[in-house]
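Coordinate inspection notes
Here is what each chain is made of, one letter per residue.
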Amino acid sequence: MSISKSLSAVIFLYVTFMFCSCKKDFVNLNGKIFNITNQTFIEQAKISIGGTTVQTNKNGEYKMPNLKINTEYILNIEHKDFVSITRKIKPNLAKDLTANFPLIPRGEEQIFNSTDSIISSMKGGGRIIIKPNSFITKESKLYRGEVVIKATFINPKENNLIIASPSTFISSDNRPLQTFGMFEVYATTVEGERLDISREKPILVEMPNISQLTNNVGLYYLNTISGFWVNNGILTYDKPTNTLLGQVTSISSAWNADDPCATTLVCIRIQVVDGSSTPRPYFGVGAKGVSYLGYTGISYTDANGFVDLYVCPNQVIKFVGDIIPCCDCLLYTSDAADE
């Protein structure tokens, strides 16, 4: 009898030890979602990683559990009133991660009949022109009825909006991009069901020429699964109207007027320390272009306070810390150079 009890105790301790050891491989992702234009927190924003979705509370707070360390994740944030964003997250220490994200408000809603020709103005400038009977449901069936459209032009030169852009500026062939403006078209039924457009009826787009280009520029859509921008045509410079004209074949994600600023990325390694020169592990830092419009997104320092950021070569950049309302931490400004 006493031997049986001893064995039970050993087995129990062994199982408990193994369980605790495995748990160290997983961390939680916590943070806040807020409106970049007025610094207010956003309630009911949906944060998704893979098949897991959580929602912010009234204070804009969220918690995404059980992320494996040293694993890269694609994070998507959605809210009906704000431009959706996609970010990459990679926990690199066995410690919970804090990541705060600003969102850009969408344009005011406009209601149209799907069987009509539609001209919708974009918040921030520009417009979209939609042919009759262009909308389809998620089952790819033709939709007939009223359509609610929120069209938004994102000027990356305005109010630091580049930090809240739909994604960071890397192309699907791993080239660094510089943006000349982005836009998102969010269309739903009156009941709120998301709609797309038929590829056979592309939308015509007129974008403001904010950089005063005199030539054509690449047109990229955001792949929300990979987080990369994918080239899908060109925007043509129209001299009489000083606009960029193009066609898009889907409104399932954002679009970008982009061109590569170089053929390859440059890696810059920095170390974050406090006032006593002690390294700061797990500190969020990113690189924002000063001489070009691009942003790396936030990456996190390792146990020794080091982080690698990939930027356009021969450009001036600004290092910025993780952003929360009323706080934009400027760490350093430097010419980018090879490591």
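This section reports on the structure supplied with the text.

1. Focus on the sheet that holds strand β3 (residues 52–55)
- The antiparallel open sheet is built from four strands, whose spatial order is β3-β2-β5-β6. Edge positions in the sheet fall to β3 and β6 (82–89), since each of these pairs with one other strand and no more. Averaged over all pairs of adjacent strands, the angle between strand axes in this sheet comes to 20 degrees, irrespective of strand direction.
- When strand β2 (residues 46–49) meets strand β5 (residues 73–79), the two strands line up antiparallel, connected through four bridges. Bridging across to β5, Ile47 finds its partner in Ile77.

2. Notes on the sheet that holds strand β11 (residues 127–130)
- Here we have 10 strands laid out as an open sheet, ordered β9-β13-β14-β20-β17-β18-β19-β16-β11-β10, and antiparallel in their pairing. Since the sheet does not close on itself, it has two edges, and those belong to β9 (110–113) and β10 (118–121), each with one partner. Taking the axes of each pair of neighbouring strands and ignoring which way they run, one obtains an average angle of 30 degrees across the sheet.
- Sheet topology note: the strand β16 (residues 203–208)/strand β19 (residues 243–248) ladder contains six bridges and is antiparallel. Residue pairing for β19: Val205 is matched across the bridge by Gly246.

3. A short note on the state of the cysteines
- Across all of its chains, the model carries one disulfide by this definition.
- Here Cys261 pairs with Cys312 through a disulfide, and the sulfurs are 1.6 Å apart. Here the disulfide of Cys261 and Cys312 is left-handed, its torsion about the S-S bond being about -65 degrees. One end of the pair, Cys261, is in the loop between β20 (255–260) and β21 (266–271); the other, Cys312, is in the loop between β24 (306–311) and β25 (316–321), with 51 residues separating them in the sequence. Neither Cys261 nor Cys312 differs from the other in exposure class; each is buried.

4. Remarks on the pattern of salt bridges
- Under the counting rule described, the total for this entry stands at six salt bridges.
- The closest approach of N and O atoms between Lys80 and Asp81, which form a salt bridge, is 3.1 Å.
- Among the ionic contacts, a cluster of salt bridges with common partners joins Lys80, Asp81 and Lys150.

5. A short note on the nonpolar core
- Counting 43 residues, the largest nonpolar core has Leu29, Ile33, Ile77 and Phe101 as the members making the most contacts within it.
- For this core, the secondary structure elements donating two or more residues are β1 (26–35), β2, β4 (61–68), β5, β6, β8 (101–103), β14 (177–189) and β17 (217–222).
- Among the elements that line this core, the one with the most residues is β6, at four residues.
- Counting 30 residues, the second-largest nonpolar core is a separate cluster that includes Ala151, Leu195, Ile203 and Met207.

Calculation criteria
Residues numbered from 1 in each chain as written. Predicted model: local features only at pLDDT ≥ 70, side-chain atom pairs only at ≥ 80, totals over all residues. Heavy atoms only, no water. Pairing = 2+ DSSP bridges. Helix = DSSP H or I, 4+ residues; strand = E, 2+ residues; numbered from the N terminus. Axes fitted to C-alpha atoms, helices over the stretch in contact; angles between N-to-C directions. Disulfide = S-S within 2.5 Å. Buried < 20%, exposed > 50% of the residue type's maximum accessible area, 1.4 Å probe, protein only. Salt bridge = Lys/Arg side-chain N within 4 Å of Asp/Glu carboxyl O. Core = buried A, V, L, I, M, F, W, Y, C linked by side-chain atoms within 4.5 Å.

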